[in-house]
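So the chains spell out like this:
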2 protein chains.
Amino acid sequence: MSDAKEFINLTPGPTPVPPSVYAKLSEPVLHHRTEEFGDVYKTVEEGLRCVYRTKNKVLIVTTSGTGGMESSVANVLSPGDKAVVHSTGIFGVRYCKILRNFGIEPVVIEEEWGRAADPGRLREALKEHPGASAVFCQHTDTSTGVVNDIEALAKVVREESEALTVVDAISGLAAEELETDAWDLDVVVSASQKGLMSPPGLAFLSVSEKAWQACEKASLPRFYFDWRTMHERFLMNQTPYTPAVSLFVAQAESLRLIREEGIENVWRRTTELAEYTRGRIQQLGLELFPKDPADNLTAVRLPEGVDGKKLILDIRTKERIAIAGGQQELKGRIVRISHMGFVKKPQIDAGIAALSRHLSLTPA
Amino acid sequence: MSDAKEFINLTPGPTPVPPSVYAKLSEPVLHHRTEEFGDVYKTVEEGLRCVYRTKNKVLIVTTSGTGGMESSVANVLSPGDKAVVHSTGIFGVRYCKILRNFGIEPVVIEEEWGRAADPGRLREALKEHPGASAVFCQHTDTSTGVVNDIEALAKVVREESEALTVVDAISGLAAEELETDAWDLDVVVSASQKGLMSPPGLAFLSVSEKAWQACEKASLPRFYFDWRTMHERFLMNQTPYTPAVSLFVAQAESLRLIREEGIENVWRRTTELAEYTRGRIQQLGLELFPKDPADNLTAVRLPEGVDGKKLILDIRTKERIAIAGGQQELKGRIVRISHMGFVKKPQIDAGIAALSRHLSLTPA
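About the thresholds
Residues numbered from 1 in each chain as written. Chains lettered and ligands numbered in written order. Predicted model: local features only at pLDDT ≥ 70, side-chain atom pairs only at ≥ 80, totals over all residues. Heavy atoms only, no water. Disulfide = S-S within 2.5 Å. Buried < 20%, exposed > 50% of the residue type's maximum accessible area, 1.4 Å probe, protein only. Least-squares fit on C-alpha atoms with pLDDT ≥ 70 in both. Contact = heavy atoms within 4.5 Å. Pairing = 2+ DSSP bridges. Helix = DSSP H or I, 4+ residues; strand = E, 2+ residues; numbered from the N terminus. Axes fitted to C-alpha atoms, helices over the stretch in contact; angles between N-to-C directions. Salt bridge = Lys/Arg side-chain N within 4 Å of Asp/Glu carboxyl O.

Concerning the state of the cysteines
Residues and elements named next belong to chain B.
- Using the criterion set out here, one finds 0 disulfides over all chains in the structure.
- Cys 215 carries a free sulfur, and the closest cysteine sulfur to it, the one in Cys 137, is 20 Å from it.
- The class for Cys 215 is buried, based on a relative accessible area of 0%.

A word on the relation of the copies chain B and chain A
- Structural alignment of chain B on chain A gives an RMSD of 0.0 Å, achieved by rotating through 180 degrees and translating 0.0 Å along the axis. Both copies are brought into coincidence by an operation consistent with a two-fold rotation axis. Looking at the rotation axis and the C-alpha trace of chain B, the residue lying nearest is Thr 63 of chain B, at 2.5 Å.
- With an isologous cut-off of 70% or more, the 100% of interface residues of chain B that recur at the interface of chain A puts this contact in the isologous class.

Points about the sheet that holds strand E9 (residues 187-191) of chain B
Residues and elements named next belong to chain B.
- Pairing is mixed across the open sheet formed by 7 strands, whose spatial order is E2-E10-E9-E8-E5-E3-E4. Single-partner strands in this sheet number two, and they are strand E2 (57-62) and strand E4 (107-110). Sheet twist, expressed as the average angle between the axes of neighbouring strands with direction ignored, equals 15 degrees.
- Here strand E8 (residues 164-168) runs beside E9; their pairing, made up of 3 bridges, is parallel. Paired with Val 166 across the bridge in E9 is Val 187.
- Against the sheet, helix H6 (residues 150-160) contacts strand E3 (83-87), strand E5 (134-138) and E8, and its axis sits at roughly 155 degrees relative to E8.

Some details on the pattern of salt bridges
- Across all of its chains, the model carries 50 salt bridges over all chains by this definition.
- Between Glu 160 of chain A and Arg 123 of chain A there is a salt bridge, and its shortest N-O distance comes to 2.7 Å. Placement of the pair is Glu 160 of chain A in helix H6 (residues 150-160) and Arg 123 of chain A in helix H5 (residues 119-128), with a sequence separation of 37 residues.
- Look at Glu 160 of chain A and you get partly exposed, because its relative accessible area is 24%.
- Classification of Arg 123 of chain A as partly exposed rests on a relative accessible area of 28%.
- Measuring nitrogen to oxygen at the nearest pair gives 3.0 Å for the salt bridge that ties Arg 278 of chain B to Asp 295 of chain B. In this pair, Arg 278 of chain B is assigned in helix H10 (residues 263-283) and Asp 295 of chain B in the loop between strand E11 (287-288) and strand E12 (297-301), connecting sequence segments 17 residues apart. For the residue pair Arg 278 of chain B and Asp 295 of chain B, the accessibility class agrees, reading buried in each case.
- Among the charged side chains, a salt-bridge network with shared partners connects Arg 123, Lys 127, Lys 155, Glu 159 and Glu 160 of chain A.

Right, here's the structure in full:
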């Protein structure tokens, strides 16, 4: 495992963790019913509000991002409710699966992979299926490398329905611009291990007043992910059940770094790195996979005949650089280079150099 | 937070973490779809089987222990199923709440707090309410400091019903004797932050063949906690969703320490420390709270007129020793001293000395 220390990590999560965040992980485990932990809790929650650009409460749950997604379903819907999923990749499909497992067959708007969600199609769907209780969408979908225009989508939701706007910003937060309050987003789900530069294990949910009201009425079964129980403890700077205290302490530190830099500067830096990466990729004669590329991740279409799985493995084992391949139907057909969080130009340069070497390409 | 370093932690979780486990926490975060992580996963799973004394698969979930409890409900039951909870404290009550939130009103056998579960009462309940699908109980309940005779309870379940035996051993595992296979336990839930000497954030579930069959038929809604999805990835030494990789690496190390010592020696050491603690407490003229005391934790009844909440806080702030008070109806009335995991006699001595000082007691 000591080998892992020399890895350059360009995967879309878990992303690299800054040294000062690692240092916090090995501090003694705090008891979760103490003032010391309460201070950490408060620091994380305030930091998240700043990154989310919201006055809403942000709940913190010990779980994977997917647990956060489930929580955003089970707390706002009841059996028989209508829900819309605007899907732009694997994570849209995941929202559909969660809804179906909870007995709700969603109206699904599916975009061609690589295309962003079309607000016009959402408008049609809401007109055709009136009375939806919630619309679920992704800020960015790392499976296809797209970014969605959440501001426009949320506007359509407000204009055409009484539905809640629920956004999975697990990979988008603290990388792409997101304005929870200005864009009027009801629930925004995120997680610790992407733009937030911390180890995985914590999920976050901002909850608007309208979403709290929905939660009170919602009757889908939930216990561990129940916002009502979380809210009781929230007021004491605690969680209802023993949380991953070490991950809270780490997250407090990475949020400190983000606030020190300023969230707008984080967005700007990510955009610059994305533009640089896309430029380098195109110089190599490679094609971007998405039509509407996100800034948190660059998905690159591989030339015909390239064994993408072998390529990734070769770069990993021979160059000690971790880049991601495609998932499901994109397996072997694309590679994905992340520029979220604690990634800088030298790491991107190394990743692209390795990619061009293993594809025997030379810059145009 | 640096002050926390000098704390003596005698709370029933998160319990103290050995230095070599802390060291692992600050190793670089592994990607969860790599062979490196697969090796860690396998080490943890094999270590858990050894501690659980089972050949059953042990699932690993990024969540609090309570998430593990929910998982043990949602994967084995369907709407309309009968369930029995044999409750010996707050965590029995928690099983009832989870069941009710999922629409199942359990048959509840409630023992007086401080008393262990009576197998005779379980037998009567199963005769009176035939056809139960599952019986839920606690190995130890830290709220009251009791240990239950799981071997006897499981025997009654097998003799009187077709029900699954589901045991919450969150605080009992790797402290009190537990034999998953020899006692024929279908589901055993545990978590990282008690006897397993790791930071909180991981829950574990051993699943018997009979419980897997129940899972296939069970129709309570679940997604994140769904064993079927976990099982697909289990076969690849992976989890379905991004796990708390740092906590896996830490847990691998603490399991290494436990296997080095030998699980039977861990049980013996815990029993010796418990006997020592109970002896010292009684020498001080104090009374044990439970009639059937567990070895993982000593719950002590406070003399009339003592403000338990202030006592705990005084010991905490003035002596830098963390002991736990009572919860809910026992708030202010008991103190609880843990001897789970990485606790040794000097720490117990310090805790008891502080307790006697703050209660102005002298040994008889």
